[in-house]
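Below, each chain spelled out in residue letters.
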Amino acid sequence: MKKYNVAVVGATGAVGTKMIEMLEATTLPLNQVKLLASKRSAGKELTFKQQTLTIEELVPESFEDVDIALFSAGGSISAKFAPEAVKRGAVVIDNTSHFRMDPNVPLVVPEVNPHALKQHQGIIANPNCSTIQMMVALEPIRKVYGLERVLVSTYQAVSGAGIKAIEELKTQATAYINGTPAEELQADILPCGSDEKHFPIAFNALPQIDVFSKDDYTYEEWKMVNETKKIMEDDSIKVSATCVRIPVLSGHSESVYIEVKEAGADVAKIKELIAAASGAVLQDDPSQQLYPQALNSIGRKETFVGRIRQDLDITNGYHLWVVSDNLLKGAAWNSVQIAETLHDMDLVRV
Ligand code: NAP
Ligand code: 3JM
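Cut-offs used in this document
Residues numbered from 1 in each chain as written. Chains lettered and ligands numbered in written order. Predicted model: local features only at pLDDT ≥ 70, side-chain atom pairs only at ≥ 80, totals over all residues. Heavy atoms only, no water. Pairing = 2+ DSSP bridges. Helix = DSSP H or I, 4+ residues; strand = E, 2+ residues; numbered from the N terminus. Contact = heavy atoms within 4.5 Å. Axes fitted to C-alpha atoms, helices over the stretch in contact; angles between N-to-C directions. Near = heavy atom within 4 Å. Polar contact = N/O pair within 3.5 Å; in protein donor to acceptor, adjacent residues only side chain to side chain. Areas by Shrake-Rupley, 256 points an atom, 1.4 Å probe, with all protein chains shown as cover. Nonpolar A, V, L, I, M, F, W, Y, C, P; charged D, E, K, R; others polar. Salt bridge = Lys/Arg side-chain N within 4 Å of Asp/Glu carboxyl O. Core = buried A, V, L, I, M, F, W, Y, C linked by side-chain atoms within 4.5 Å. Buried < 20%, exposed > 50% of the residue type's maximum accessible area, 1.4 Å probe, protein only. Expected span 1.5 Å × (residues − 1). Bend = angle between axes of the 7 residues up to and from the residue.

Peer 1: Looking at this model, I keep getting lost on the sheet that holds strand β8 (residues 123-125). Mind explaining?
Peer 2: Either a parallel or an antiparallel arrangement is found when strands of a sheet pair, and the pairing is made through backbone hydrogen bonds. Ordered in space as β5-β2-β1-β6-β7-β8, the 6 strands form an open sheet in which the pairing is parallel. Every interior strand has two partners, whereas the edge strands, β5 (56-57) and β8, have only one. Direction of pairing for strand β1 (residues 4-9) relative to strand β6 (residues 68-71): parallel, over a ladder of 4 bridges. Across the sheet, residue V8 finds its bridge partner in β6, namely L70. Contacts from helix α2 (residues 75-87) reach β1, β6, β7 (91-94) and β8, with the element oriented near 175° to β6.

Peer 1: What exactly am I supposed to notice about the site of ligand 1 here?
Peer 2: The environment of ligand 1 is formed by 26 residues, the closest being T12, S38, S41, N95 and C129. Within the backbone of P127, an N or O atom sits 3.1 Å from a nitrogen atom of ligand 1. Between ligand 1 and G162 there is a distance of 3.5 Å, counted from an oxygen atom to a backbone nitrogen or oxygen. Burial of ligand 1 by the protein amounts to 76% of the accessible area it has alone, namely 920 Å².

Peer 1: Is there a simple way to think about the site of ligand 2 in this case?
Peer 2: Around ligand 2 lies a shell of 13 residues, among which S97, R100, N128, K223 and R245 are the nearest. Within the side chain of S97, a nitrogen or oxygen atom sits 2.5 Å from an oxygen atom of ligand 2. Between ligand 2 and N128 there is a distance of 3.1 Å, counted from an oxygen atom to a side-chain nitrogen or oxygen. Against a free-state accessible area of 390 Å², the protein chains account for coverage of 74% of ligand 2. In the shell around ligand 2, the residues fall into 2 nonpolar, 7 polar and 4 charged.

Peer 1: Sorry if this is basic, but what is going on with the pattern of salt bridges here?
Peer 2: One pass over the full model with this rule turns up 15 salt bridges. Of the charged contacts, one joins D210 and K223 as a salt bridge, the two residues approaching to 3.1 Å between their closest N and O atoms. Remark: K223 occurs in helix α5 (residues 219-231) and D210 occurs in the loop between α4 (163-177) and α5; sequence separation between them is 13 residues. Between D215 and K214 there is a salt bridge, with the nearest N and O atoms lying 3.9 Å from each other.

Peer 1: What is the right way to read the nonpolar core from this model?
Peer 2: Soluble globular proteins tend to pack their nonpolar side chains together in the buried interior. By size, the foremost hydrophobic cluster in this structure holds 54 residues, and its most contacted members are F63, F71, L138, I141, V150 and I258. Those residues within four positions of I258 in sequence are excluded, and the remaining contacts are L138, I141, L147, R149, V150, N316, G317, Y318 and L320. Y4, I55, A116 and L347 belong to the second largest nonpolar core, which has 46 residues in total.

Peer 1: When you look at helix α8 (residues 328-344) in this model, what are you seeing that I'm missing?
Peer 2: Helical periodicity: at 3.6 residues per turn, an α-helix aligns residues three or four positions apart in one direction. Taking 1.5 Å per residue as the helical rise, α8 with its 17 residues ought to reach 24 Å, whereas the 20 Å between its terminal C-alpha atoms falls clearly short. Bending of α8 peaks at approximately 45° at the position of N334. Burial runs high along α8: 15 of the 17 residues are buried. One or two steps after α8, the chain reaches D346, where phi turns positive at roughly 60°.

Peer 1: Sorry if this is basic, but what is going on with the sheet that holds strand β12 (residues 280-282) here?
Peer 2: Strands sit in the order β10-β9-β11-β14-β13-β12 across an open sheet of 6 strands; the sheet is mixed. Of all the strands in the sheet, just β10 (238-245) and β12 have a single pairing partner and so form its edges. Strand-to-strand twist in this sheet, taken as the mean axis angle between neighbours without regard to direction, amounts to 20°. Where strand β9 (residues 147-156) meets β10, 8 bridges bridge the pair, whose relative direction is parallel. Directly across from V150, in β10, lies its bridge partner V239. The sheet contacts of α5 involve β9, β10 and β11 (252-260), and relative to β10 the element is tilted by about 145°.

Written as structure tokens, this is what we have:
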């Protein structure tokens, strides 16, 4: 059987290091793993399955002999280098938002729309972390009852914004506890590295993820709206989002309100659907104070769903609390799972 050469682009990052962990446990037949990052990291060493691998600087020629390239080094790097990888025969699984809405690029959550992979032309996009976990929770309900609308508020961990954001939270939290007043906390990264102003995240909640866009929604909010419609292949679903960064290291949480289309749904039936769904775990027992928590999601590949309630006024309205490890199902695991699915469907061009 063919064994694959796999490249990780952005191997030293918050997502890239998790991709390496996911590849250590993958069912994909592996030949070589190549770790790529910027010039700054070239020559550094990382361990893969007890082997020492040296990080190489990313250049177009890095992709000679690569079968599968997992990209997670930012949109501009994907824009420049994903076509170089495809030109050399690799299939690219891209974690950035750069190609997600391109009609020629499948946007895939394997539990939801693996069939979309058949249309790939070399690049496959991994959706945004907050979208992915919401899709795992809602697809089992949509399949049976349809979805009229989705209103979501997110509570997103700082690791979604990279290693520097993780460090920023830790440094600010330590400084605040040691007596530095809030107005003197050093903030350089959050809410968004490329925006003009920065605010402390420690002991705070920031209702801005990514920069502002059309109609005063942020790009992160637009990603959730547009990606949901593309993945569920239904532009008529009404979707609106409010995305908030909170001082949690890993694990995104979401309060999701849905209205279903068909009659006949109830809380018990929705719980049954979630419990039976691939990739989802039902954690819902108020009598035992059982509900999904960000801390408990760390290191797990599944999406946890609980607090399922019928709306008090709207008979086809339901509330859910959805939690997942943003660096795993939201990024590294979904990417490696796409690679495994491509292999199972015989869609890696070798
Ligand atoms: P991070 O911790 O800041 O890591 C960035 C990575 O990119 C590092 O490995 C860095 O290498 C590499 N890099 C930066 N500039 C480069 C260059 N010029 N050439 C080659 N490599 C370069 O960020 P992260 O959180 O891992 O996220 C990386 C990207 O993944 C984000 O920008 C985003 O687009 C995407 N992402 C997607 C999701 C999702 O929801 N699917 C979640 C998180 C992130 P050095 O160490 O050498 O600087
Ligand atoms: C750039 O938590 C987050 O900030 C979302 C992850 C993220 C993305 C993304 O996946 O949409 C961080 C930084 C991007 C991007 O590529 O737009």
